[in-house]
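Examination of the molecular architecture
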Amino acid sequence: MERALGVLEAIAECGDGASAKAVARRTELPLPSAYRMLGTLHYHGYLIRNDDGSYGLGEQLATLYEHWYRKLDLDPAVRLILRDVHKRVGAPAYFGRLRDGAVTVVDAVDCPETPRAPFTTARLRSVGERSALGRALLSAVSDEERREYLRDRSPDARLAHVLATARRTGVASDVGEFLPPHAAIAVPVRSPNGHLHGALAVTVPVLAYADRRAEVERVLRQCALTLIKLLTVE
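A brief report on the enclosed structure follows. (Residues numbered from 1 in each chain as written. Predicted model: local features only at pLDDT ≥ 70, side-chain atom pairs only at ≥ 80, totals over all residues. Heavy atoms only, no water.)

**A short note on the packing of aromatic side chains**
Inspection of the entire model under this criterion finds 2 aromatic pairs. Counting every residue linked through ring pairs, the aromatic cluster contains Y94, F119 and F178. It is R123 that lies over the ring of F178; its NZ or CZ is 5.2 Å from the centre. (Phe/Tyr/Trp six-rings, centres within 6.5 Å; stacked < 30°, edge-to-face > 60°. Lys NZ or Arg CZ within 6 Å of the ring centre and 35° of its normal.)

Structure, rendered in structure tokens:
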């Protein structure tokens with residue numbers, strides 16, 4: 001199962017299609033094993049095979065995504081706001097939540113010119129507190145929820161200070177801490193009654209972080225307020 005998931009993630013990272021050799025390199029599988037895994041996933045509809053022999057993600061994954069997306073009960077306003085963030089800052093935009101004790105990206109908007117950062121679900125689950133998205137969420141939950149999340153995780157002497165700063169300022173960031181060479185900025189989306197809907201985030205290259213931080217933070221704050229209003233109206 002881990003090998004199959006690794007193959008799917010490797011192909012997703014390649015974007016336009018991946019050869020069996022490329023998949024074998026990325027997943028550190030022997031080439032014959034990679035061929036067998038690709039053939040099985042292709043047979044069951046999780047991959048397509050392009051005319052040049054490379055592989056891409058298949059329709060069965062889209063079906064699974066649709067089932068998962070419906071269970072999220074995600075308001076259409078979230079996608080509208082993500083598109084607005086992406087258009088205004090010209091960078092990938094994300095909406096995340098804490099689900100089942102883990103940081104989860106539930107929707108994202110990007111484009112070929114500015115693709116989203118190549119993090120995996122597994123990395124978010126294991127070290128989500130290093131991400132700006134995770135920090136924004138953890139800064140906005142109760143002390144009890146925060147302790148529960150951090151209970152079985154490796155202690156980080158800086159994290160308490162980082163989360164306290166995020167609570168005070170209403171914005172969280174990470175500069176290459178979660179996924180070098182990417183930096184991120186995030187803000188929680190919380191109603192006046194204290195209900196936490198999730199968090200909005202943007203990723204930029206670390207080298208552009210200092211120049212873009214103020215602009216991205218301003219857009220995220222504005223869009224978070226707009227999203228709260230839309231969610232409250234609905």
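**A few points about the environment of M1**
Secondary-structure assignment places M1 in the segment before helix 1 (2-14). In this structure M1 comes out as exposed when scored by relative accessible area, which is 77%. As a C-alpha pair, M1 and L230 span 229 residues in sequence and 41 Å in three-dimensional space. (Helix = DSSP H or I, 4+ residues; strand = E, 2+ residues; numbered from the N terminus. Buried < 20%, exposed > 50% of the residue type's maximum accessible area, 1.4 Å probe, protein only.)

**Concerning the side chain of R153**
Along the chain, R153 turns up in the loop between helix 8 (143-150) and helix 9 (159-169). For R153, a relative accessible area of 18% puts it in the buried group. Within the local environment of R153, its side chain forms a polar contact with the backbone oxygen of R125, the two atoms lying 2.9 Å apart. A distance of 3.0 Å separates a polar atom in the side chain of R153 from the backbone oxygen of Y149. Those residues in contact with R153, other than ones at most four positions away along the chain, are G101, R125, S126, V127 and E129. (Polar contact = N/O pair within 3.5 Å; in protein donor to acceptor, adjacent residues only side chain to side chain. Contact = heavy atoms within 4.5 Å.)

**Considering unusual backbone geometry**
Between P180 and the following residue, P181, the backbone shows a cis peptide bond with an omega angle of 0°. Positioned with a positive phi, E28 is a non-glycine residue whose angle comes to about 60°. With respect to the helices, strands and loops of the structure, E28 is situated in the loop between helix 2 (20-27) and helix 3 (31-43). With phi around 55°, D100 is a residue other than glycine that occupies positive phi space. Judged by relative accessible area, D100 falls into the exposed class, the value being 72%.

**Let's talk about the nonpolar core**
V85, F95, L200, V202, L220 and L227 are the most contacted members of the largest nonpolar core, which totals 29 residues. Contributions of two or more residues to this core are made by helix 5 (76-89), strand 3 (93-99), strand 4 (102-109), strand 6 (182-190), strand 7 (196-205) and helix 10 (206-233). Per-element tally for this core: the top contributor is helix 10, with 9 residues. Dropping the residues within four chain positions of it, L227 is found in contact with A77, V78, I81, F95 and V189. One finds V127, A172, A184 and A186 within the second-largest nonpolar core, a separate group that totals 23 residues. (Core = buried A, V, L, I, M, F, W, Y, C linked by side-chain atoms within 4.5 Å.)

**Observations regarding the sheet that holds strand 7**
Taking strand neighbours across the sheet as the criterion, the 5 strands line up as 4-3-7-6-5 in an open arrangement whose pairing is antiparallel. Looking at the sheet topology across the chains shown, the edges are occupied by strand 4 and strand 5 (172-179). Shown here is a sheet whose adjacent strand axes are inclined to one another by a mean of 35°, direction ignored. In this sheet, strand 4 lies alongside strand 3 in antiparallel orientation, the contact comprising 7 bridges. Bridged to G96 within strand 4 is V105. On the sheet, helix 5 packs against strand 3, strand 4 and strand 7 and is oriented at approximately 70° with respect to strand 4. (Pairing = 2+ DSSP bridges. Axes fitted to C-alpha atoms, helices over the stretch in contact; angles between N-to-C directions.)

**What about the pattern of salt bridges?**
Applying the stated criterion to the full structure yields 12 salt bridges. Taking the shortest distance from any N to any O, the salt bridge between E177 and R158 comes out at 3.3 Å. Highlighted residues: E177 in strand 5 and R158 in the loop between helix 8 and helix 9, separated in sequence by 19 residues. According to the relative accessible area criterion, E177 is partly exposed, its value standing at 29%. Among the ionic pairs, R213 bridges to E217, the shortest N-O distance being 3.6 Å. (Salt bridge = Lys/Arg side-chain N within 4 Å of Asp/Glu carboxyl O.)

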